[in-house]
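Working through the structure, step by step
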Number of protein chains: 2
Amino acid sequence: MTHRAKVIIVGAGFGGLECAKALERAEADVTVIDRENHHCFQPLLYQVATAALSPADIAWPIRHILRPQRNATVLMEEVRGVSPQKKCVHTQFGDIAYDYLVIATGSTHSYFGHDEWSRYAPGLKRIEDATRVRRSILIAFERAEVVPDQDEQRRLLTFVIVGGGATGVEMAGAIAEVARQTLAADFRRIDPRSAHIILIEAGPRLLPTFPLGLSEYALKTLSRVGVEVKTETLVTKCDANGVDLKDGRIDAGTVIWAAGVTASPAVRWLNAEADRAGRVKVGSDLSLSGYPEIFVVGDTAAVTDKGGQPVPGIAPAAKQMGTYVGKLISARIAGREWKKPFRYMHLGDLATIGRRAAVVKLGPLELKGFIGWVFWSIAHIYFLIGLRNRFVVAFNWFWDYLTFQRGARLITDPPDVGGSGRDAKV
Amino acid sequence: MTHRAKVIIVGAGFGGLECAKALERAEADVTVIDRENHHCFQPLLYQVATAALSPADIAWPIRHILRPQRNATVLMEEVRGVSPQKKCVHTQFGDIAYDYLVIATGSTHSYFGHDEWSRYAPGLKRIEDATRVRRSILIAFERAEVVPDQDEQRRLLTFVIVGGGATGVEMAGAIAEVARQTLAADFRRIDPRSAHIILIEAGPRLLPTFPLGLSEYALKTLSRVGVEVKTETLVTKCDANGVDLKDGRIDAGTVIWAAGVTASPAVRWLNAEADRAGRVKVGSDLSLSGYPEIFVVGDTAAVTDKGGQPVPGIAPAAKQMGTYVGKLISARIAGREWKKPFRYMHLGDLATIGRRAAVVKLGPLELKGFIGWVFWSIAHIYFLIGLRNRFVVAFNWFWDYLTFQRGARLITDPPDVGGSGRDAKV
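Note that this is a predicted model, so its numbers are computed, not measured. (Residues numbered from 1 in each chain as written. Chains lettered and ligands numbered in written order. Predicted model: local features only at pLDDT ≥ 70, side-chain atom pairs only at ≥ 80, totals over all residues.)

1. Thoughts on the overall build of chain A
Along the backbone of chain A there are 10 helices and 25 strands. The C-alpha atoms of chain A give a radius of gyration of 22 Å, which matches the 22 Å a tight globule of 426 residues would have. In terms of overall dimensions, chain A has C-alpha extents of about 75 × 55 × 45 Å along its principal axes. For chain A, buried positions account for 54% of its 426 residues. For chain A, the proportion of contacts with a sequence separation of at least 24, taken over those separated by at least 6, is 65%. (Helix = DSSP H or I, 4+ residues; strand = E, 2+ residues; numbered from the N terminus. Rg over C-alpha atoms; globule rule 2.2 N^0.38 Å. Buried ≥ 20, exposed ≤ 12 C-beta atoms within 10 Å, placed from the backbone. Contact = placed C-beta atoms within 7 Å.)

Written as structure tokens, this is what we have:
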């Protein structure tokens, strides 16, 4: 009896899922382990955070995605460690042995050594982050409507977004739309249009990975919808009432973190050499030095492209790495030689700024404004998983476009308060 | 200057909202206070709990519903008490005076004096209840797939629903669909179709308010899809691992409470005479004895119909009471005489059992099976608020009907665990 190779993939994000799919025809038992039951389409998390989409519109059960793949098993559990010598991963229900291991655990927010800020300035990585931010934004308006104190009203209606990359720009534009359009006529005591939205970037310009002209377009468009952009501005502290800057203070009811990421702590299991962002250094075949059967893909891997530039932590890069490793393992299992190193192909950068405004850079092509926005919308619908979700997201966008309304303006209990902890709600 | 009457409505459920709308043309300042930002369409909560719909599909921001009504203000805050003598309500941000007060705070679950059971056997009243139950059902299958112990697998795949009224029947039928159809092919180690679904009713038959023939049809249909129905069975205890019966024990991973309701504790503010279910006894004009300016509507009011039967705690009854009180207050404000007592008109009873099966009793008309199911579906779409939600719910049902899939199979963190409390997740 031949031994069927056991492949364990930890993490079902873009990298892990593509890796599993690339193993479809391999003579292997593929086990995908994730602590969530769903794969989340992170590029649209900001739309959940700003009430345009429901969580289920951008999340799919991992096991449903892999249902047709008979050699794949999905386990929802927490991996607690890896023993590279014994070739097994440790979970709460016991150890699972592997012949090949793929670490695809992604990244988390980096607060530059101040993890305590995460309490006051959530980022957007998981569905729960998005519903938490949604709650915070909607509660700010609700509470401003009931509090008598005008200074407190002003603070509540101040929204700070830290980080001027794609996520920060998208959040700032979306919050401006919520305040100036969606909620404009819903309140009686406050005017939601008076909300103060501030986007803070440490570097000299927004969207640093885009061409200068598109950065300037983003700045102009955000200013037009009332977002105040502060470049070359450093945040030195986040607390419950706002942020300290190097030169000043902003009192704010909501602070959102879009400034930096660090590799998932999961990679520490490997005791491998990591770069400053915590990403594991891997060889040109994405394997770990000394362990040709262990691979790292996506945001957890430190890889450079042909030009020596670090491969960015974006979905297409993670997918390319996942597919590469899946094919490599398939070849090895089949006894085929595999010499091709991983080559990253940069497809482009996209960011939407709001209604009818986005910036797109695809090779030599630069798009902005309405045509960029149409391109952005079609690309995102295309990359969603499942016909149902494509249809529902397209419908929600169409409806939002026509009516200026957002269908998911729902405040639900925060994760740290039980169903009866009502007093903490307002 | 004439004094503009101040009307406060506490609670924006079916009763409170209808009352506010009936005051649209009154010379009054209408203030609607709710601790949630949304009105929830409770009849479809079980569909959120069974992953067919997303929370936002059945919930709307209260202030958006009342946006066109210029004399209405919506406040999201917690009412902490009422001073009938001083004519004001107490909230966390101060006191608010009223000329007319409408209490429409609804009902909550009754555990027959065992409130500690609520921890193990959640009911369905709020959006958070539904996502909690959804989480519990989906986690049960996920966990059964990973645990090695077969007894524990069997326990996890046992679902107990306590209470054989409409909600209990609907939940049991929907869980059976999830297990036998939606999830059937998604697992590798367990067979979801082996799930054991048990519906427990204390009385002699399911759906006691329906004609006997429809009860029998519900029993037959549930049995056909694999639900075990136990009538004349009393639950004597709920704990973390299942339920004790008067004569036996069921080990179960999920217990859902659909057995009884009690009036919201809010009515205790009034120090008024209440019936056994905690509902306030009101006069034939729904006002409180001795306080002609205080009204109680919906599930919090103890009212009898023409035949001396108690008015049931269902949406149409709450709406009728809300409209009645809104009209009465409008008349009084306008100086018109109002002598008409409240008359409840029973429109009928509906319950769905699952795919292509529902029971409907409308006056002399009895429907069951496919035609009942079509009627049930159209009626529920009709009563939803907002074109967008009607469209989205209809689309989701249509999709579910064609594909047997449910679009919202999402496990998110439970309310009592923070975002980092991962270990508690599986």
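2. With respect to the relation of the copies chain B and chain A
With an RMSD of 0.0 Å, the operation that places chain B on chain A is a rotation of 180° combined with a shift of 0.0 Å along the axis. Both chain copies can therefore be described as sitting about a two-fold axis. (Least-squares fit on C-alpha atoms with pLDDT ≥ 70 in both.)

3. Describing helix 10 (residues 387-403) of chain B
The terminal C-alpha atoms of helix 10 of chain B lie 24 Å apart, and with 17 residues this matches the ideal 24 Å at 1.5 Å per residue to within 8%. Burial in helix 10 of chain B covers these residues: B:R388, B:N389, B:V392, B:V393, B:N396 and B:D400. Each buried residue of helix 10 of chain B sits inside an arc of 120° when the element is viewed along its axis, so together they form one side. Along helix 10 of chain B, the residues that are exposed and aim more than 90 degrees away from the buried face are B:L387, B:F398 and B:L402. For helix 10 of chain B, the elements touching its buried residues are helix 10 (387-403) of chain A together with helix 9 (369-383) of chain B. Positioned one or two residues after helix 10 of chain B, B:F404 has a phi angle of 65°, which is positive. (Expected span 1.5 Å × (residues − 1). Arc of directions from axis to C-beta.)

4. What about the interface of chain B and chain A?
On the chain A side, the residues contacting the 50 residues of chain B number 50 residues. Elements that contribute at least two residues to the side of chain B that touches chain A include exactly strand 4 (59-61), helix 3 (62-65), strand 5 (72-76), helix 4 (127-146) and helix 10 of chain B. Among the elements that take part in the side of chain B that touches chain A, helix 4 of chain B stands out by supplying six residues, more than any other. Class assignment for the residues of the side of chain B that touches chain A results in 21 nonpolar, 11 polar and 18 charged. (Nonpolar A, V, L, I, M, F, W, Y, C, P; charged D, E, K, R; others polar.)

5. A look at the packing of helix 1 (residues 14-22) of chain A against helix 8 (residues 315-333) of chain A
Residue and element names in this part refer to chain A. At their nearest, the axes of helix 1 and helix 8 sit 7 Å apart, and the two run at 30° to each other. Viewed along their axes, helix 1 and helix 8 adopt a mutual orientation that is roughly parallel. Helix 8 is crossed by helix 1, and the crossing has right-handed handedness. Taking contact as the criterion, the partners of F14, G15, G16, L17, E18, C19, A20, K21 and A22 in helix 1 are, on helix 8, A315, A318, K319, M321, G322, T323, V325, G326, K327 and S330. (Axes fitted to C-alpha atoms, helices over the stretch in contact; angles between N-to-C directions. Parallel < 35°, antiparallel > 145°, perpendicular 65-115°, else oblique. Left-handed = near helix turned anticlockwise from the far one by under 90°.)

6. Some words on the pairing of strand 15 (residues 242-245) of chain A
All names here are of chain A. Looking at chain direction, strand 14 (residues 235-239) and strand 15 are connected through four bridges and run antiparallel. Counterpart to D239 in the pairing with strand 15 is G242. Alignment of strand 15 against strand 16 (residues 248-251), held across four bridges, turns out to be antiparallel. Looking across to strand 16, one finds that V243 is bridged to I250. Once strand 15 ends, the chain turns through two residues before running back antiparallel as strand 16. (Pairing = 2+ DSSP bridges.)

7. Details of the environment of B:R249
All names here are of chain B. Here R249 is to be found in strand 16 (residues 248-251). Between the alpha carbons of R249 and R356 there is a distance of 33 Å; along the sequence they are 107 residues apart. If we skip the residues at most four places from it in the chain, R249 touches G242 and D244.

8. Observations regarding the sheet that holds strand 14 of chain A
All names here are of chain A. One open sheet holds the three strands; their spatial order is 14-15-16, and the pairing between them is antiparallel. Looking at which strands have only one partner, the edges of the open sheet turn out to be strand 14 and strand 16. Recorded for the sheet is a direction-independent mean angle of 15° between the axes of neighbouring strands.

9. What about the sheet that holds strand 16 of chain B?
Residue and element names in this part refer to chain B. The strand order 14-15-16 describes an open sheet built from three strands, whose pairing is antiparallel. Each edge of the open sheet carries a strand with a single partner, namely strand 14 (235-239) and strand 16. Ignoring which end each strand starts from, the neighbouring axes of this sheet average 15° apart.

10. Quick notes on the pairing of strand 13 (residues 227-230) of chain B
Regular strands place side chains that alternate from one sheet face to the opposite one. Residues and elements named next belong to chain B. Burial along strand 13 is one-sided: V227 and V229 are buried, while E228 and K230, pointing the other way, are not. Judged from the four bridges that link them, strand 12 (residues 196-200) and strand 13 form a sheet pairing that is parallel. Bridging across to strand 13, I198 finds its partner in E228. Crossover strand 12 to strand 13 through helix 7 (residues 212-224) is right-handed. (Right-handed = clockwise from strand over helix to strand, strands pointing away.)

11. Brief notes about helix 7 (residues 212-224) of chain A
Residue and element names in this part refer to chain A. End to end, helix 7 covers 18 Å across 13 residues, agreeing with the expected 18 Å (1.5 Å per residue, within 8%). Listed in full, the buried residues belonging to helix 7 are L214, S215, Y217, A218, L219, T221 and L222. Tucked inside the fold, the buried residues of helix 7 contact helix 6 (166-182), strand 12 (196-200), strand 13 (227-230), strand 23 (349-354), strand 24 (357-362) and strand 25 (365-368).

12. What to know about unusual backbone geometry
Residues and elements named next belong to chain B. A positive phi angle is found at F112, which is not glycine, with a value near 50°. In this model, F404 sits at a positive phi of 65°, which is unusual for a non-glycine residue. In this structure, F404 sits in the segment after helix 10. Assessed through the 16 C-beta atoms surrounding it within 10 Å, F404 is described here as partly exposed.

13. A look at the confidence of the model for chain A
One rule of thumb: low pLDDT means the predicted coordinates there are not for detailed reading. Residues and elements named next belong to chain A. Averaged over every residue, the pLDDT of chain A is 92; the share at 70 or more is 96%. Low pLDDT (under 50) marks residues 415-426, which in the prediction has 24 contacts with non-local residues, meaning those over four places away or in another chain. Scoring of the predicted complex yields 0.91 for pTM and 0.89 for ipTM. (pLDDT = per-residue confidence, 0-100.)

14. Considerations on the nonpolar core
Counting 283 residues, the largest nonpolar core has A:V162, A:L286, A:V297, B:V102, B:V162, B:L286 and B:V297 as its most contacted members. If sequence neighbours within four positions are ignored, B:V102 has contacts with B:I9, B:V10, B:G16, B:C19, B:F295, B:V297 and B:V325. (Core = buried A, V, L, I, M, F, W, Y, C linked by C-beta atoms within 7 Å.)

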